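Fold and contact review
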Amino acid sequence: MRYELCDHTADIAVAATGDSLESAFAAVANGLAAASWDEFEDAGGERFSVAVAAESREALLFDYLDELIYRRDIRGELPVDHRVDAVSGPGSGTGERSDTGTDEWSLEASARGVPLTEIDAREIKAVTYSEMRLERVDGGWEAYVVFDV
């Protein structure tokens, strides 16, 4: 799992890869944290759970990142050290319809919340669908997400 911050006009983008869909989602979330604060890996903070559901893989990634930004704004904590335990949906990540007949995707994850009063974090206003990509590649997944700053 890895990510790279990419310059993007007036915004910032995260390009991420992972061996699994879960690790790709976590890499994008860690990229979001890095775009907000350079030193997030050494921070403390209490771990909290995140659960999100959406109608597609891309919408799930969008809603997951949007939930992290919302929690930052409401709780006054920067979510860092992301762990995505499960991503499930139609066809278990293959894009095919599952035997259960569900068309909904879901995610279960956790992160640590670093109080914003203790750090000098940059504001990320929102996640965007602009240029968003989430695709299976040889040996894993690639994601590209643009954030409004």
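A short tour of the structure in this document, coming up.

Scoring rules and cut-offs
Residues numbered from 1 in each chain as written. Predicted model: local features only at pLDDT ≥ 70, side-chain atom pairs only at ≥ 80, totals over all residues. Heavy atoms only, no water. Helix = DSSP H or I, 4+ residues; strand = E, 2+ residues; numbered from the N terminus. Expected span 1.5 Å × (residues − 1). Buried < 20%, exposed > 50% of the residue type's maximum accessible area, 1.4 Å probe, protein only. Polar contact = N/O pair within 3.5 Å; in protein donor to acceptor, adjacent residues only side chain to side chain. Salt bridge = Lys/Arg side-chain N within 4 Å of Asp/Glu carboxyl O. Phe/Tyr/Trp six-rings, centres within 6.5 Å; stacked < 30°, edge-to-face > 60°. Lys NZ or Arg CZ within 6 Å of the ring centre and 35° of its normal.

**Some words on helix 2 (residues 57-75)**
In this model, helix 2 (19 residues) spans 26 Å end to end at C-alpha, consistent with the 27 Å of a helix rising 1.5 Å per residue. Residues of helix 2 that are buried: R57, A59, L60, L61, F62, Y64, L65, L68, I69, R71 and R72. Taken from the residues just after helix 2, G76 is the one with a positive phi, measuring 70 degrees.

**Brief notes about the side chain of R72**
Among the structural elements, R72 can be located in helix 2. Under the relative-accessibility criterion, R72 is labelled buried at 8%. In this structure the side chain of R72 is engaged in a polar contact, spanning 2.5 Å, whose partner is the side chain of D73.

**Examining helix 1 (residues 21-36)**
The end-to-end C-alpha distance of helix 1, which contains 16 residues, comes to 23 Å, matching closely the 22 Å that a straight helix rising 1.5 Å per residue would cover. With 15 of 16 residues buried, helix 1 lies mostly within the body of the structure.

**What to know about unusual backbone geometry**
A positive phi angle, close to 55 degrees, is found at D81, a residue other than glycine. Relative to the assigned elements, D81 resides in strand 4 (residues 77-88). Taking relative accessible area as the criterion, D81 reaches 26% and is therefore assigned partly exposed.

**Re the pattern of salt bridges**
Here the structure, examined in full by the defined rule, presents seven salt bridges. Residue D73 is joined to R72 by a salt bridge in which the shortest nitrogen-to-oxygen separation is 2.5 Å. Between R75 and E77 there is a salt bridge, with the nearest N and O atoms lying 3.5 Å from each other. Judged by its relative accessible area of 42%, R75 falls in the partly exposed class. Residues participating in the shared-partner salt-bridge network are R47, D81, R83 and R112.

**Considerations on the packing of aromatic side chains**
Following the criterion strictly, the structure yields two aromatic pairs and no others. Look at F25 and Y64: their rings are 6.4 Å apart centre to centre, the planes differ by 25 degrees, and that puts the pair in the stacked class. Placement of F25 in helix 1 and of Y64 in helix 2 is noted, with a sequence separation of 39 residues between them. With a centroid separation of 4.3 Å and an interplanar angle of 5 degrees, the aromatic rings of F62 and Y129 are classed as stacked. One end of the pair, F62, is in helix 2; the other, Y129, is in the loop between strand 6 (126-127) and strand 7 (133-137), and 67 residues separate them in sequence. We note R75 situated over the ring of F48; from NZ or CZ to the ring centre the distance is 4.8 Å.

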